[in-house]
Amino acid sequence: MSSTSVPETLTPPPTDPENKSVPKRKRPRRRLVLIILGLVVVIAGSMIAYVLLTTQVTPLQLPKLPANLTAEQIGLGQWQEYQQALPADPLNNASLPATPQATPGIALLEDAAGQALIAQGNLTRGLAYLQASVLADPDNMRYSNDYRLALRDHKLYQDEETFFSALSKKMQTANTTIEYALSYVDMMRSCPTPPDGLVCQAQDSYSSISILDGVLQKNPYNIIARYARGLNGLYWPTLMRHLPAAQQDLQYAVALTNVQRNINTAFLPDAYVALGDVFGKNGDVKAARNVWLNGLHVTPTQDQALLNQRLSIPQDQIDSQESNQLRGLGVYVDTDVAVFWKKG
Amino acid sequence: MMKQPRQPWNRRRFLIHAAQASTGVGVFGALLVVRQTGILNALDQGTQAKTTYPMFQLRDISQKAGVHVTHNKVKLDPKLDNIMPWMASVGAAACAADYNNDGLVDVFVSSSERNTPCHLFHNNGDGTFTDVAEQAGVANLNAEGGVMDAVWGDFDNDGWPDLYIVKWSAPNLLFHNNHDGTFTDVTASSGTGDIGNGNAAIWFDYNGDGFLDLYIGNYFRPEDNLWDLKTTVIMHNDFENARNAGPNVLFRNNGDGTFTNVAHELGVDDTGWTLDVGACDLFNTGHMDLYLANDFGQDMIYKNNGDGTFTNVTEKALPIDTRKGMNVDFADLDGDGYPDIYVANVTQPGYLVEGNFLWHNNGDGTFTDKAIGLNVINGGWGWGAKFIDLDNDGEMEIVALNGFVSAGQGDYWYYLGTMATTPGIVVADSRNWPAIGDMSISGYQPSRLFVKQGEQYIEIAVDAGMTDLYDGRGLCIADFDNDGLPEMFVANQGAPLLLYKNYPQKRNHWLGLELIGTGKSNRNAIGTRVTIQANKRSYVKWVDPGSGFASQSDRRLIFGLGSATTVEGIEILWPDGKKQQIASLALDRYHTLTEGEPIA
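We now turn to the structure provided with this report. (Residues numbered from 1 in each chain as written. Chains lettered and ligands numbered in written order. Predicted model: local features only at pLDDT ≥ 70, side-chain atom pairs only at ≥ 80, totals over all residues. Heavy atoms only, no water.)

### Topic: the overall build of chain B
From N to C terminus, chain B includes 11 helices and 38 strands. Taken over C-alpha atoms, the radius of gyration comes to 27 Å for chain B, in line with the 25 Å a tight globule of 600 residues would show. In terms of overall dimensions, chain B has a C-alpha envelope of 120 × 65 × 50 Å along the principal axes. Out of the 600 residues in chain B, the part that is buried amounts to 59%. If you take every contact in chain B between residues at least 6 apart in sequence, the share linking residues at least 24 apart comes to 61%. (Helix = DSSP H or I, 4+ residues; strand = E, 2+ residues; numbered from the N terminus. Rg over C-alpha atoms; globule rule 2.2 N^0.38 Å. Buried < 20%, exposed > 50% of the residue type's maximum accessible area, 1.4 Å probe, protein only. Contact = heavy atoms within 4.5 Å.)

Laid out in structure tokens, this is it:
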């Protein structure tokens, strides 16, 4: 067999003189495939590395809280009352008095009636019912919140401040005092539009911070007061040096969500966004993104929009956006604190 | 003819055709891209811009011209020591007029410290000046109080400019021009010795009687002698809405050498913290209206009703303004015949970004701020600012001086900001202010020179040679060498006066007018409106009464006409309402036009 066989390497295959096509080159094609495969591997590796590196989440350094903090201790002891559904068709409810009355048993009904009347365009009467509900149960933040927001939305800032100033002086409770502090945040909207009215706004913010100082001295774990004071600090121009205090308050607020999240998860993204904003406004983009990524990890998917919005900001624009569009002069804070207890 | 046999396609032929087609497509594509993008034009413009940028060169010639004198700041009652740099931050003024009628513009320059001399720089006509204040009798004006501003005006219509001096804590002074290079103090006999702690004054004929009246913008209250205080509660009581300043004064010229303060009677005794006053025909009525640039609050506009009264139209005319008004100047930027207004405010990044105003006159009694869109908003801590056509191309530039206190490396802003934003601090009491010490407050700021380019302005001050970092105050624009190009005298606080001579890249045509009013028009023709048709557009200017912080510019009008070699018509609306039409005038020179007289 070996003597008759011709080595393949020495015997060229018979050639067809008509066939002038270039012989197929198997080796280059193989090389090309290898190169492409290599590139694919490198690109995929880079992408994986990029994703891993950019989304690496470092645990946040947060204040240590006492074990077993209760909803009461974080200022939300009445959350179940706050979550009660408003009575349907309140204006036709036989229990609704013809004139508003500060009676505890009908406060929820009066709250509903007040809102219904305002929706119908009867502001004066609606506000009267809302005010009656607050007076019936002054420490109930749900009623205070509804009344205060109604005043705010109708630009009755001075009425807001006057009422809650008097109420907090009379009751001297954390909740009424927080509402008083929030009335100053709302009052900032009464100042001329920036760049005018900057001192006016800053003075209102300062007043709000001062009032919240008193609340937090006695109630250091009150999550609403922490958050409100933190946002106040975040409002100021960086050079006015309020950011360190804002950072501390908002770190507390984030830490306190460990307790608050038993009520709802709606506040989680707000807390993480605000804390990240502190770092972003201070120019620490990495720390800001880390906070927001931490937020993503604990926030249910359906509530992640705000966090994703922050994470989508080009990193070189975070600083300026924080100062000019997201936080800071002329960016009004929404003082609706129902986010701490609202259902769903 | 025999048909050429078609050559069979082979690889070579295919490649040749492909290359030819590619070249064609490439050339066509390139032409299309050039056409669509206008890249050639852009490249061409870029080359042009390179050759013409900066459009002007400004060179300080103050030493050579002999005007390089240093302003001396006030030193007030030691009770104010904690904020003395703040208190001593104004007073540097420069005001132009041809006081001796030799055809050359002269300049009065202030000093403010006790017993330091002011200067009257006589223009020698050879590019130099001689200080003649001593012999003229207007040097030693700081024996009591301190000089803050000055304004020239021919109050008795004798054809010779008289000089009014605004002071702190001492009577203002009125000097009558003796026609021989000297002046006589007529303060007492004229009744113009207001002790108002003022910062600004203008001459204008508000009631159309042909005599110039005086409006004075006051700052501290008149009862506060800043050299000998009985109380330290002398400051503004709010940073955004202070109304506790000294009342402004309007001296009506009685026509007999005496004046009567009618400000209260006419409702123009504003108690805002006025730093500058200006007047122009804002509503196209033929009468001069008042604009007050108020520190710590709302600027004011008083409309002249044409019957010797005013109406405060601020609420309708302007939006709410809590800014720190420092300066006001007027120019018709868009040729619609209505003056637009530039107002300096405070811009300090990181603390207080107010921005300057460029009030576009809407022609309906309202004004809209266009400073952001036109990119003329950031003037730093603003002071004197003026419209100026440096190259006579017909487009106004804007020069804005700035800088508050240039001292040590420390920054007072944080302490100022903290005080201003802390409720309950009585800021009116100077004792409650943190000590400034050697700290700077918006110091060492480069001036701004905004130049129109396309639909916006670009800022080129440093490139153009305006490189000083002094705390600029009064900006006096005057063509001291009569070449048709405006120069700038810059009065710096506690620092040397600078004279920026103007060297534009391109010399354009211009027309200069010196106007003399007669009859019921004041002789200085202040308030006269001149409209020139050229280049198929209108150019409108008004004879200015001394608007602009701590300054008064050359009263003559210079119309920059670009490449136009002729004007198509001139209309003069004199203060007394008479209209004069002139077909044309020779360009590139000044003309003296007297109301009612034929053109020479």
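### Re unusual backbone geometry
Cis peptide bonds are those with omega within 30 degrees of zero, and the linkage from A:Pro194 to A:Pro195 qualifies with 10 degrees. The backbone of B:Asn157 shows a phi angle near 55 degrees, a positive value even though the residue is not glycine. Structurally, the position occupied by B:Asn157 is in the loop between strand 6 (146–153) and strand 7 (162–168). A positive phi angle, near 60 degrees, is found at B:Lys536, a position not held by glycine. Following the sequence through the fold, B:Lys536 ends up in the loop between strand 32 (529–534) and strand 33 (537–542).

### Observations concerning the side chain of B:Asp194
Residues and elements named next belong to chain B. Mapped onto the elements of the fold, Asp 194 is located in the loop between helix 6 (187–190) and strand 10 (198–204). Nearest to the buried, unbridged Asp 194 among oppositely charged side chains is Lys 167, at 13 Å. Polar contacts involving the side chain of Asp 194 include one to the side chain of Asn 218, which spans 3.2 Å. Aside from chain neighbours lying at most four places away, what touches Asp 194 is Tyr 164, Ala 170, Pro 171, Asn 172, Ile 216, Asn 218, Val 249 and Phe 251. (Lys, Arg positive; Asp, Glu negative; His and termini not counted. Salt bridge = Lys/Arg side-chain N within 4 Å of Asp/Glu carboxyl O. Polar contact = N/O pair within 3.5 Å; in protein donor to acceptor, adjacent residues only side chain to side chain.)

### Description of the packing of aromatic side chains
To describe a pair of aromatic rings, you give the distance between the ring centres and the angle between the ring planes. Applying the stated criterion across every chain, the model contains 41 aromatic pairs over all chains. Considering the side-chain rings of A:Phe163 and A:Phe164, the 5.0 Å spacing of their centres and the 90 degrees angle between planes classify their relative orientation as edge-to-face. In this structure, A:Phe163 and A:Phe164 share a single accessibility class: buried. An angle of 85 degrees between the planes, with centres 5.1 Å apart, marks the rings of B:Tyr219 and B:Phe220 as edge-to-face. According to the relative accessible area criterion, B:Tyr219 is buried, its value standing at 9%. Accessibility expressed as a relative area gives 3% for B:Phe220, which makes it buried. Positioned above the aromatic ring of B:Tyr503 is the side chain of B:Arg59, whose terminal nitrogen or guanidinium carbon lies 4.3 Å from the ring centre. (Phe/Tyr/Trp six-rings, centres within 6.5 Å; stacked < 30°, edge-to-face > 60°. Lys NZ or Arg CZ within 6 Å of the ring centre and 35° of its normal.)

### Quick notes on the pattern of salt bridges
Residue and element names in this part refer to chain A. A complete count under the given rule lists 27 salt bridges over all chains for this structure. When the shortest N-O distance is used, the salt bridge between Asp 277 and Arg 327 registers 2.7 Å. Of this pair, Asp 277 sits in helix 11 (residues 267–281) while Arg 327 is found in the segment after helix 14 (318–326), placing the two residues 50 residues apart along the sequence. Arg 327 matches Asp 277 in its accessibility class, with the two residues each being buried. Here Glu 322 makes a salt bridge to Arg 310, at a shortest N to O gap of 3.9 Å. Linking Glu 322 in helix 14 with Arg 310 in helix 13 (residues 305–311), this pair joins segments that are 12 residues apart in sequence. Each member of the pair, Glu 322 together with Arg 310, is buried. Among the charged side chains, a network of salt bridges with common partners joins Asp 213, Arg 226, Arg 229 and Asp 249.

### Examining the sheet that holds strand 8 (residues 173–177) of chain B
Residue and element names in this part refer to chain B. One open sheet holds the four strands; their spatial order is 6-7-8-9, and the pairing between them is antiparallel. With one partner strand each, in any of the chains shown, strand 6 and strand 9 (183–185) form the two edges of the open sheet. Put simply, the sheet's adjacent strands are angled 25 degrees from each other on average, direction ignored. Where strand 7 and strand 8 come together, three bridges link them in antiparallel fashion. (Pairing = 2+ DSSP bridges. Axes fitted to C-alpha atoms, helices over the stretch in contact; angles between N-to-C directions.)

### What to know about the nonpolar core
Proteins that are soluble and globular tend to have nonpolar side chains buried together. Residues A:Phe340 and A:Trp341 are the most contacted members of the largest nonpolar core, which totals 71 residues. Sorting elements by how many residues they give to this core places helix 11 of chain A first, with nine residues. Aside from chain neighbours lying at most four places away, what touches A:Phe340 is A:Leu76, A:Ile223, A:Ile224, A:Tyr227, A:Gln260, A:Ile263, A:Asn264 and A:Phe267. Grouped together as the second largest cluster of nonpolar side chains are 56 residues, B:Phe296, B:Met326, B:Val405 and B:Val427 included. (Core = buried A, V, L, I, M, F, W, Y, C linked by side-chain atoms within 4.5 Å.)

### Observations concerning the sheet that holds strand 12 (residues 249–253) of chain B
Residue and element names in this part refer to chain B. Spatially, 10-11-12-13 is the arrangement adopted by the four strands of the open sheet, whose pairing is antiparallel. One side of each edge strand has no neighbouring strand; the edge strands of this open sheet are strand 10 and strand 13 (259–261). The sheet shows a mean angle of 20 degrees between the axes of neighbouring strands, direction not considered. In this sheet, strand 12 lies alongside strand 11 (residues 213–218) in antiparallel orientation, the contact comprising three bridges.

### Describing the environment of A:Thr265
Residue and element names in this part refer to chain A. Among the structural elements, Thr 265 can be located in the loop between helix 10 (243–260) and helix 11. With a relative accessible area of 27%, Thr 265 lands in the partly exposed category. Sequence spacing of Thr 265 and Lys 343 is 78 residues, and the spatial spacing of their C-alpha atoms is 9.0 Å. Contacts of Thr 265, omitting those with residues within four sequence positions, involve Pro 300 and Asp 303. Looking at Thr 265, its side chain comes within polar contact range of the side chain of Asp 303, at 3.3 Å.

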